[in-house]
Amino acid sequence: MAQVDHSKMANAIRALAMDGVEKAKSGHPGLPMGAADVATVLFTQFLKFDAADPHWPDRDRFILSAGHGSMLLYALLYLTGNEEVTLDQLKNFRQLHSKTPGHPENFMTTGVETTTGPLGQGVATSVGTALAERLLAAEYGDIVDHYTYVLCSDGDLMEGVSHEAAALAGHLKLSKLIFLHDDNGISIDGPLSLSDSVDQVARFKAHGWNAVHVDGHDQAAIAAAIKQAQTSDRPSFIACKTTIGFGAPTRAGTSKAHGEPLGAEELAGAKKALGWDYGPFEVPDDVLQAWRSVGKQGAVAHADWRSRFDARPEAERSEFIRRVIDRKRPAALADAIRKLKQKLVDEPQTIATRKASELALEALVAVMPELLLGSADLTPSNNTRTKNAKDVKPGDFSGRYIHYGIREMGMAAAMNGISQHGGFAPAGGTFMCFTDYARPSMRIAALSHVSVVYIMTHDSIGLGEDGPTHQPVEHLASLRAMPNMRVFRPADPVETAECWQLALENTTGPTVLALSRQNLTPARTVHHEDNLCSHGAYELIPAQGKAHVSLFASGSEVEIAVVAQKQLAERGIATRVVSVPSLELLLQQPADRRHAIIGEAPVKIAIEAAVRFGWDAVIGPEGTFIGMSTFGASAPAKELYKYFGITAEAVVEAATKHHNAA
């Protein structure tokens with residue numbers, strides 16, 4: 001490797017990036033060309049990884065938050081010997097089913113730590129990644145000792161979530177988190193000065209970080225800054241002054257280098273300026289072998305780690321493998337829920353489902369040491385903290401409860417990083433209405449198949465006096481519409497326990513638990529070994545005889561349906577009640593099961609204190625919906641339900657009318 005100088009290795013990245021974007025006829029060559037020196041220093045001198053095992057638990061994490069510059073990452077993966085990212089994959093950049101999509105996707109490409117592209121998400125996710133490392137190190141000692149490096153752009157730092165993330169990381173003193181800022185001063189519209197004049201180094205110092213400026217094309221300066229950052233007692237921010245599109249004869253340093261192919265003439269001029277006299281996707285053997293050596297140099301550290309790991313007691317190794325490598329839930333989870341359900345039936349409680357969630361968590365933390373709870377400054381309202389929970393604090397990472405502060409998106413993004421790192425099952429709470437703040441990070445979780453639980457309390461107008469600013473109306477529908485987002489709205493403590501089990505067993509996507517503020521009458525009074533919520537819905541109360549009316553309800557409206565069913569039965573109208581804790585899970589069931597749950601009653605009524613959207617799949621466009629069509633209001637919950645007509649009396653009136661019409 002000594003025979004190949006830094007510039008040739010960096011230019012290999014630049015050339016592959018230019019060629020990939022040119023062949024795809026779309027993409028972003030500017031960042032890879034500008035940040036190639038920074039990436040080369042990081043990968044050749046500092047990054048601990050073994051290309052032969054991209055899943056090695058103690059590897060350093062490299063997160064390309066500026067996901068538009070994806071060809072930088074793909075070029076590095078190919079050059080260092082990642083088996084999945086071949087030269088053919090680089091040639092298929094941005095093509096259907098390739099391992100090189102337009103923005104990095106962790107579920108598509110081995111070696112990509114997290115999905116990035118929406119600016120700020122990688123920055124915020126990395127805080128969770130670095131936090132998970134510290135938490136796991138506090139538990140397992142020297143078999144967990146790695147850095148999280150982030151290459152971020154000006155755009156990442158302009159996004160509001162970067163402030164949430166940086167403040168939390170600074171507060172917790174996540175010293176093994178290092179940001180490398182591609183400080184090129186250019187955005188799509190032109191010079192950054194058109195819209196921004198923030199001194200990012202001063203800003204990060206204010207966040208409690210170690211922060212410095214360096215020349216992003218001076219390999220020695222970059223290396224010195226990273227070396228200093230590795231010894232810091234706080235997270236580090238290195239602003240690397242670079243030239244976007246470095247080497248391009250007319251576009252370097254301009255917005256024209258950012259997001260479009262250079263074109264044949266400019267590309268040829270760039271290669272000439274860089275002294276790169278090779279054809280498209282051609283890397284000379286000496287340069288390629290130098291990079292392949294970089295991909296192998298972590299094998300020694302990997303072998304040393306394996307020796308330390310193998311020396312641990314068998315029980316400790318098994319638990320580490322379960323949590324960190326296999327990502328499996330403990331065998332005792334199902335039994336813990338079963339026992340809790342039995343107790344809740346034997347000793348029924350009229351409580352809010354947020355309180356029922358707290359009861360479930362008390363049972364779960366006893367069997368799941370990896371359960372990592374937290375709240376965005378609503379702990380007493382979300383009921384997310386168990387009795388003996390210990391807080392995560394700066395310098396003390398032995399706790400299992402995180403105070404995220406009023407940073408909903410930052411919390412959601414951090415939980416993505418925690419989950420993807422391995423070793424923990426994160427769950428965080430806020431008010432249901434504030435999923436609006438967290439939604440971009442929630443979408444990344446769904447897209448990336450990340451296992452996260454969102455404890456979203458105050459789930460309807462039932463929260464009462466706080467009024468329409470805090471009362472979710474459209475939120476259930478919008479979250480149900482998100483692919484791979486599981487939404488549960490349990491009706492009582494037993495359903496809440498079952499939904500928690502399903503949420504934690506869902507290791508291929510995120511789950512929302514929509515929980516009530518108000519107390520609810522127990523709906524489940526008989527113990528069932530099976531998890532009745534697992535199909536999304538089930539018949540809670542059968543009709544006496546052939547059903548003429550089916551009442552479908554979720555959450556707090558199930559008790560309304562139960563009261564209505566009794567009154568209708570007294571009128572001689574055969575009515576059944578179907579509890580629907582997860583509408584979208586019901587709709588995902590095989591046709592025969594779905595049909596059996598929905599039934600054939602000619603009158604179908606859905607009851608939910610939210611908008612109708614989505615329910616027509618169950619009740620049909622002619623079915624009756626009793627719920628919300630406007631925003632809520634400020635008043636006690638019982639008055640609001642009466643004012644908006646979400647009552648047993650309204651259900652009975654509608655059912656009777658349709659029954660008589662039939």
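Refer to the preceding data block for the structure.
In this report, the structure presented in the accompanying data block is examined. All values reported here derive from a predicted model rather than from experimental measurement. (Residues numbered from 1 in each chain as written. Predicted model: local features only at pLDDT ≥ 70, side-chain atom pairs only at ≥ 80, totals over all residues. Heavy atoms only, no water.)

1. Re the overall build of the protein
Part 1 of the reasoning: Per the secondary structure count, the protein includes 26 helices and 18 strands.
Part 2 of the reasoning: A compact globule built from 662 residues should have a C-alpha radius of gyration of about 26 Å, and the protein, at 28 Å, falls within 12% of that.
Part 3 of the reasoning: When burial is assessed residue by residue, the protein has 61% of its 662 residues classed as buried.
Part 4 of the reasoning: Just so you have it, the protein exposes about 24,900 Å², and 51% of that area is on carbon and sulfur atoms.
Part 5 of the reasoning: Placing the 63 positive and 76 negative side-chain charges of the protein at their respective mean positions leaves the two points 2 Å apart. (Helix = DSSP H or I, 4+ residues; strand = E, 2+ residues; numbered from the N terminus. Rg over C-alpha atoms; globule rule 2.2 N^0.38 Å. Buried < 20%, exposed > 50% of the residue type's maximum accessible area, 1.4 Å probe, protein only. Areas by Shrake-Rupley, 256 points an atom, 1.4 Å probe, with all protein chains shown as cover. Lys, Arg positive; Asp, Glu negative; His and termini not counted. Charge placed at Lys NZ, Arg CZ, Asp CG, Glu CD.)

2. Quick word on unusual backbone geometry
What is expected of a backbone is that most residues other than glycine have negative phi and most peptide bonds are trans.
Part 1 of the reasoning: One non-glycine residue, Arg-327, lies in the positive phi region at around 55°.
Part 2 of the reasoning: Summarising the element assignment, Arg-327 is placed in the loop between α13 (314-325) and α14 (332-346).
Part 3 of the reasoning: Judged by its relative accessible area of 35%, Arg-327 is partly exposed.
Part 4 of the reasoning: Its identity as a non-glycine residue notwithstanding, His-458 has a phi of 60°, on the positive side.
Part 5 of the reasoning: Secondary-structure assignment places His-458 in the loop between β11 (453-457) and α19 (475-480).
Part 6 of the reasoning: Taking relative accessible area as the criterion, His-458 reaches 4% and is therefore assigned buried.

3. Description of the pairing of strand β17 (residues 603-608)
Part 1 of the reasoning: For β17, a buried count of six out of six residues is recorded, marking the element as mostly surrounded by other parts of the structure.
Part 2 of the reasoning: What you see with β17 is no split at all: Val-603, Ile-605 and Ile-607 on one side and Lys-604, Ala-606 and Glu-608 on the other are buried throughout.
Part 3 of the reasoning: Summarising the sheet, strand β15 (residues 549-553) and β17 pair through five bridges and their orientation is parallel. Residue pairing across strands places Leu-551 opposite Ile-605, the latter belonging to β17.
Part 4 of the reasoning: Here β17 pairs with strand β18 (residues 624-627) via four bridges, running parallel. Paired with Glu-608 across the strands is Gly-627, a residue of β18. (Pairing = 2+ DSSP bridges.)

4. A closer look at the layout of surface pockets
Part 1 of the reasoning: Considered as a void within the structure, the largest pocket measures approximately 770 Å³ in volume.
Part 2 of the reasoning: Taken together, 38 residues form the lining of the largest pocket, with His-55, Val-324, Arg-327, Ser-419 and Gln-420 sitting closest to its centre.
Part 3 of the reasoning: Mapped by element, the contributors of at least two residues to the lining of the largest pocket are α12 (299-310), α13, α17 (408-421) and β10 (425-431).
Part 4 of the reasoning: Looking at the lining of the largest pocket element by element, the count peaks at four residues for α13.
Part 5 of the reasoning: Residue composition of the lining of the largest pocket, grouped by class: twelve nonpolar, 15 polar and eleven charged.
Part 6 of the reasoning: Estimated volume of the second largest pocket: approximately 390 Å³. (1 Å grid on protein atoms, 1.4 Å probe; cavity = no way out; pocket = protein on both sides within 12 Å on 5 of 7 lines; lining within 4 Å. Points joined across faces, edges and corners; volume = space filled by probe spheres on them. Nonpolar A, V, L, I, M, F, W, Y, C, P; charged D, E, K, R; others polar.)

5. Focus on the packing of aromatic side chains
Part 1 of the reasoning: This model, assessed by the stated rule, comprises 16 aromatic pairs.
Part 2 of the reasoning: Pairing Tyr-147 with Tyr-149 gives two aromatic rings, centres 5.8 Å apart and planes at 35°, and the pair type is tilted. One exposure class covers both Tyr-147 and Tyr-149, and it is buried.
Part 3 of the reasoning: Ring plane angle 85° and centroid distance 4.9 Å describe the contact between Tyr-643 and Phe-644, whose orientation is recorded as edge-to-face.
Part 4 of the reasoning: The exposed category is assigned to Tyr-643, whose relative accessible area is 65%.
Part 5 of the reasoning: When its relative accessible area of 18% is taken as the criterion, Phe-644 is described as buried.
Part 6 of the reasoning: Ring pairs connect the aromatic residues Tyr-140, Trp-305, Phe-309 and Phe-320, which therefore count as one cluster.
Part 7 of the reasoning: It is Arg-323 that lies over the ring of Phe-424; its NZ or CZ is 5.3 Å from the centre. (Phe/Tyr/Trp six-rings, centres within 6.5 Å; stacked < 30°, edge-to-face > 60°. Lys NZ or Arg CZ within 6 Å of the ring centre and 35° of its normal.)

6. Observations regarding empty space enclosed by the protein
Part 1 of the reasoning: In the structure shown here, the tally under the stated rule is six cavities of 30 Å³ or more.
Part 2 of the reasoning: Estimated volume of the largest cavity: approximately 210 Å³.
Part 3 of the reasoning: In terms of lining, the largest cavity is formed by 16 residues, of which the most central are Leu-47, Phe-49, Leu-77, Gly-111 and Glu-113.
Part 4 of the reasoning: Looking at the lining of the largest cavity element by element, the count peaks at three residues for helix α3 (residues 70-80).
Part 5 of the reasoning: Of the residues in the lining of the largest cavity, the class split is eight nonpolar, three polar and five charged.

7. Regarding helix α1 (residues 6-24)
Part 1 of the reasoning: Between its terminal C-alpha atoms α1 stretches 28 Å, which fits the 27 Å expected from 19 residues at 1.5 Å a residue.
Part 2 of the reasoning: Most of α1 sits inside the fold, with 15 of its 19 residues counted as buried.
Part 3 of the reasoning: Two residues or fewer past α1, Lys-25 is found with a positive phi of approximately 65°. (Expected span 1.5 Å × (residues − 1).)

8. Things to note about the packing of helix α15 (residues 353-365) against helix α20 (residues 493-505)
Part 1 of the reasoning: Between α15 and α20, the least distance of the axes is 9 Å, while the angle of their chain directions is 55°. Our classification of the angle between α15 and α20 gives oblique. Crossing handedness for the pair α15 and α20: right-handed. Residues Thr-353, Ala-356, Ser-357, Ala-360, Leu-361 and Leu-364 of α15 pack against Pro-493, Thr-496, Ala-497, Trp-500 and Leu-504 of α20. (Axes fitted to C-alpha atoms, helices over the stretch in contact; angles between N-to-C directions. Parallel < 35°, antiparallel > 145°, perpendicular 65-115°, else oblique. Left-handed = near helix turned anticlockwise from the far one by under 90°. Contact = heavy atoms within 4.5 Å.)

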